[in-house]
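Listed below, chain by chain, are the residues.
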Amino acid sequence: MLAATVRVTRDLDLAEECTQDAYAQALTTWATAGVPQRPGAWLTTAARNRALDALRRAALLRRTLPLLVMDEPAAGPAEDDLLRLIFTCCHPALAFEARVALTLRLLGGLTTAEVARAFLVPQATMAARITRAKKKIAAARIPYRVPGAGELGERVDAVLAVLHLIFTTGHTAPAGAALARRDLVDAALHLARMLHRLLPGHAEAAGLLALLLLTDARRETRVDADGRLVLLAEQDRGRWDRGRIAEGTALLAEALRRGPPGRYAVQAAIAAVHAEAPAWADTDFTEIVGLYDVLRELWPSPVVELNRAVALGERDGPQAGLDALTPLLAEPALATYGYLSAARAHFLRRLGRHAEAAGAYEEALALTDNEVERAFLAARLAELG
């Protein structure tokens, strides 16, 4: 909806307003007339009509057009609009983090708070960053189009980062009653496939799609019939999607053939090690730790260090995992990251240090807003008495 409306308005703020107005109109109209047969088309048409009404007012037309330059009067399919908007938001005139944050906010359906959480920064900081990015797009008259072949290289890294963050935010929702937001997961997969088609020779485009497929292959086993969280170690691997695993593994091989592995290919390789193990006890954690050693060089990140510490604990025992987690307690970016506390609680529990484990579970609960994860942590805490 937003992408199609931007094509009419050439103005991100006005397109957002028209999209929101369409939802508000639906709340009123559908309550009496019923939900239409094609609600998405109804909403898109309503948003477009709002935009056209706004643009017909001459004063508004003179003040706001063109805030975005459209190189051709194209009226392509919705996915073309979406790809144009992604590349517009990922223009190199914007700082890398601003590109990713703006695209997540506009296209990923994420709130500013959720985007801030993805970047491990305060909400106010992220709100200011997104506002500045919108203003720069307007001031710089950045074209609303998919760039030519010569311009793709300087934008593709940001586009890949956007799709990865949309997926991870959907894979485990920051808040709400459901563990995952499948709308975001499916959108990220769809867009990753589009990008791979657009850049068939790009190793990291293949690596990202491989990572998403290998990770999403487990979607049906992540909660039980009652909606309770099921850890990877306890999932029924017979129900994993073998078609997605095969496709992801083939894409990973393609990415590795094209040159030195990038961060997405390495993460896909980690997911592939899990996918290929017939049982949790058969998982090759030595290989996984080695892959995290490669990843920390390609993509230095506190979250990578956290995941590596967990893998160390699975390979070398809970005390080794706990020792590797301890330096991360001083990492400011992880101060409100509940998974660090949950990982510490896991290892403390295995070591029989139940009082300390209970404290870590309580801390994780205080930092977690997803209700499925909260129920899991509360159950673990209750088991400690």
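Residues numbered from 1 in each chain as written. Predicted model: local features only at pLDDT ≥ 70, side-chain atom pairs only at ≥ 80, totals over all residues. Heavy atoms only, no water.

Draft legend 1. Local environment of the confidence of the model for the chain. In this model, the chain carries a mean pLDDT of 87, and residues with pLDDT of at least 70 account for 90%. A low-confidence stretch, residues 58-77 (pLDDT under 50), is modelled with 34 contacts involving residues beyond four sequence positions or located in other chains. (pLDDT = per-residue confidence, 0-100. Contact = heavy atoms within 4.5 Å.)

Draft legend 2. Quick peek at the packing of aromatic side chains. Under the criterion given, the structure shown has three aromatic pairs. Between the aromatic rings of W30 and W42, the centroid separation amounts to 5.3 Å while the plane-to-plane angle is 70 degrees, which identifies the pairing as edge-to-face. With W30 in helix α2 (residues 12-33) and W42 in helix α3 (residues 39-56), this pair connects stretches of sequence that are twelve residues apart. Ring geometry for W280 against F285: centres 5.1 Å apart, planes inclined by 70 degrees, an arrangement best described as edge-to-face. Since its relative accessible area comes to 25%, W280 is described here as partly exposed. Of the residues examined, F285 reaches a relative accessible area of 10% and is grouped as buried. Across the ring face of W240, the terminal group of R218 is positioned such that the distance to the ring centre comes to 5.9 Å. Against the face of W299 rests R263, its NZ or CZ located 3.8 Å from the ring centre. (Phe/Tyr/Trp six-rings, centres within 6.5 Å; stacked < 30°, edge-to-face > 60°. Helix = DSSP H or I, 4+ residues; strand = E, 2+ residues; numbered from the N terminus. Buried < 20%, exposed > 50% of the residue type's maximum accessible area, 1.4 Å probe, protein only. Lys NZ or Arg CZ within 6 Å of the ring centre and 35° of its normal.)

Draft legend 3. Looking closely at the nonpolar core. Membership of the largest hydrophobic core comes to 80 residues, with the highest contact counts inside it found for V100, L102, L104, F119, L163 and L195. Counting residues in hydrophobic clusters, the runner-up holds 23 residues, among them A309, L325, L365 and L377. (Core = buried A, V, L, I, M, F, W, Y, C linked by side-chain atoms within 4.5 Å.)

Draft legend 4. The pattern of salt bridges, seen in detail. Taken as a whole and judged by the stated rule, the model has 21 salt bridges. Between R219 and D216 there is a salt bridge, and its shortest N-O distance comes to 3.0 Å. Take R219 and D216: they sit in the same class, and that class is buried. Two residues, R258 and E254, come together in a salt bridge whose shortest N-O distance is 3.6 Å. Its relative accessible area of 44% is what places R258 among the partly exposed residues. Counted as one network, the salt bridges with shared partners bring together D186, D216, R219 and R244. (Salt bridge = Lys/Arg side-chain N within 4 Å of Asp/Glu carboxyl O.)

Draft legend 5. Highlighting the packing of helix α18 (residues 354-366) against helix α19 (residues 371-383). Where α18 contacts α19, the axes come no closer than 9 Å and their chain directions differ by 160 degrees. Taken together, the axes of α18 and α19 are roughly antiparallel relative to one another. You can see that α18 and α19 cross each other, and the crossing is left-handed. Between α18 and α19, the contacting residues are A358, Y361, E362, A364 and L365 on the first element and R374, L377, A378, R380 and L381 on the second. (Axes fitted to C-alpha atoms, helices over the stretch in contact; angles between N-to-C directions. Parallel < 35°, antiparallel > 145°, perpendicular 65-115°, else oblique. Left-handed = near helix turned anticlockwise from the far one by under 90°.)

Draft legend 6. Summary view of helix α13 (residues 263-276). If you check α13, its first and last C-alpha atoms are 20 Å apart, about what 14 residues at 1.5 Å a residue would give, namely 20 Å. Counting buried positions along α13 gives 13 out of 14 residues, so the element sits mostly inside the fold. (Expected span 1.5 Å × (residues − 1).)

Draft legend 7. Molecular detail of the environment of V115. Tracing the backbone through its elements, the reader meets V115 in helix α7 (residues 112-119). Assessed through its relative accessible area of 0%, V115 is described here as buried. Separated by eleven residues in sequence, V115 and L104 have C-alpha atoms that sit 6.7 Å apart. Beyond its immediate sequence surroundings of up to four residues, V115 is in contact with A101, L104, R105, L110 and M126.

Draft legend 8. Fine view of the side chain of R344. Locating R344 in the fold gives a position in helix α17 (residues 338-350). E363 provides the closest opposite charge to the buried, salt-bridge-free R344, at an N-O distance of 5.2 Å. (Lys, Arg positive; Asp, Glu negative; His and termini not counted.)

Draft legend 9. Local environment of the environment of L106. Relative to the elements of secondary structure, L106 occurs in helix α6 (residues 96-107). Counting along the chain gives 24 residues from L106 to I130, while the straight-line C-alpha distance between them is 9.7 Å.

Draft legend 10. Representation of the packing of helix α16 (residues 318-325) against α17 in the model. Packing of α16 against α17 leaves a shortest axis separation of 9 Å and a crossing angle of 150 degrees. When the axes of α16 and α17 are compared, the pair comes out roughly antiparallel. The two elements α16 and α17 meet at a crossing, and its hand is left-handed. Where α16 abuts α17, its residues P318, G321, L322 and L325 lie against L340, A343, R344, F347, L348 and R350. Its residues assigned to classes, the contact of α16 with α17 comprises seven nonpolar, one polar and two charged. (Nonpolar A, V, L, I, M, F, W, Y, C, P; charged D, E, K, R; others polar.)

Draft legend 11. Expanded view of the environment of A271. Looking at where A271 falls in the secondary structure, it is placed in helix α13. In this structure, the C-alpha to C-alpha distance between A271 and G248, residues 23 residues apart in sequence, is 9.5 Å. In this structure, A271 is in contact with L211, L214 and T215, ignoring residues within four places of it in sequence.

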